[in-house]
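Examining the three-dimensional arrangement
One letter stands for each residue in the lines below.
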Amino acid sequence: WEIQQVAEELFGSARKGDWKDTVERAERLQPFGLRTYACRLANGERVLALVDTKESRGGYLIRLGAVENEIVLQSPHRFFDRHTGSIGRALFERMKMRAFFFNTAHRYGRLGPDAQPRPSDDSPPQQLDLAHRQDTVFAALSVAMLNVIPKAVIIQLHGFEKRGSPNVSDVE
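Residues numbered from 1 in each chain as written. Predicted model: local features only at pLDDT ≥ 70, side-chain atom pairs only at ≥ 80, totals over all residues. Heavy atoms only, no water.

This part is about the overall build of the chain. Each helix and strand in the chain was counted, giving 4 helices and 6 strands. Counting helices and strands in the order they occur from the N terminus, the chain gives α-α-β-β-β-β-α-β-α-β. Burial status across the chain gives 44% buried among its 172 residues. Within the chain, contacts between residues at least 6 apart in sequence are counted, and of these 63% link residues at least 24 apart. For the chain, the exposed area adds up to about 9,700 Å²; of that, 48% sits on carbon and sulfur atoms. (Helix = DSSP H or I, 4+ residues; strand = E, 2+ residues; numbered from the N terminus. Buried < 20%, exposed > 50% of the residue type's maximum accessible area, 1.4 Å probe, protein only. Contact = heavy atoms within 4.5 Å. Areas by Shrake-Rupley, 256 points an atom, 1.4 Å probe, with all protein chains shown as cover.)

Pasting the structure below:
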């Protein structure tokens, strides 16, 4: 995969903290539908943002330089699993981890936070479910991170339903 090779170079450069080189490498992901932005977190820290431009490829926040935790936190169902997007963003900001990856479309193919709840069991396959597809930018960037930083940890945030789950009466 060409995207995986480009992403490996991107993460290698990000670890070194070289802003200019990292941005140049990130811009090589544009043919894969990702735009590069510099953004500031609430605390004023500058991070690199890669944002899906057209086909629900996801969004990616990447911290440059030394980090406290070589962790990639992922919220692959932020429109379906309630609050996982905002929880993920808050954890990324506070824990000084390497990256935060998130979906940009509903896992069942509908756009935005107002998408409908889970379809019936006879619904078509989940074409945009980033947690279950290996042929995505999301997966390629995840593999690239592990290739560059073998001891990195990937954590996915998921929600659950109370019904059918014993012992969750105290969880909201």
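Take the confidence of the model for the chain next. Across the chain, the average pLDDT comes to 77, with 63% of residues at or above 70. Model confidence for the chain, summarised as mean pLDDT per element, is weakest for helix α3 (residues 84–95) at 78 and strongest for helix α2 (residues 19–27) at 95. (pLDDT = per-residue confidence, 0-100.)

Here we come to the pattern of salt bridges. Considering all chains together, one arrives at 8 salt bridges under this definition. Its salt-bridge partner being Arg25, residue Asp21 comes within 2.8 Å of it at the nearest N-O pair. Pair noted here: Asp21 and Arg25 are both in helix α2, with a separation of 4 residues, about one helical turn. Across the salt bridge formed by Glu45 and Arg63, the nearest N and O atoms sit 2.7 Å from each other. Highlighted residues: Glu45 in the loop between β1 (34–40) and β2 (46–52) and Arg63 in the loop between β3 (59–62) and β4 (69–75), separated in sequence by 18 residues. (Salt bridge = Lys/Arg side-chain N within 4 Å of Asp/Glu carboxyl O.)

Attention now goes to the nonpolar core. If you look at soluble globular proteins, the nonpolar side chains tend to sit buried side by side. Judged by nonpolar contacts, the single largest core of 27 residues is most densely connected at Phe11, Leu48, Leu50, Tyr60, Ile62, Phe101 and Leu141. For this core, the elements supplying multiple residues, two or more each, are α1 (2–16), α2, β2, β3, β5 (97–102) and α4 (137–148). For Tyr60, the contacting residues outside a window of four places in its chain are Leu34, Leu48, Ala49, Leu50, Phe100, Phe101, Phe102, Val137, Phe138 and Leu141. Membership of the second largest hydrophobic core comes to 10 residues, among which are Leu41, Leu73, Phe92 and Phe102. (Core = buried A, V, L, I, M, F, W, Y, C linked by side-chain atoms within 4.5 Å.)

Let us now look at the packing of aromatic side chains. Using the criterion set out here, one finds 3 aromatic pairs in the structure. With centroids separated by 5.3 Å and ring planes inclined at 35 degrees, the aromatic side chains of Phe100 and Phe102 adopt a geometry described as tilted. By the ring-pair criterion, three or more aromatic residues cluster together here, those being Phe92, Phe100 and Phe102. The cationic tip of Arg46 hangs over the ring face of Trp19; the distance from NZ or CZ to the ring centre is 3.8 Å. A cation sits over an aromatic face here: Arg63 above Phe92, 4.3 Å from the ring centre. (Phe/Tyr/Trp six-rings, centres within 6.5 Å; stacked < 30°, edge-to-face > 60°. Lys NZ or Arg CZ within 6 Å of the ring centre and 35° of its normal.)

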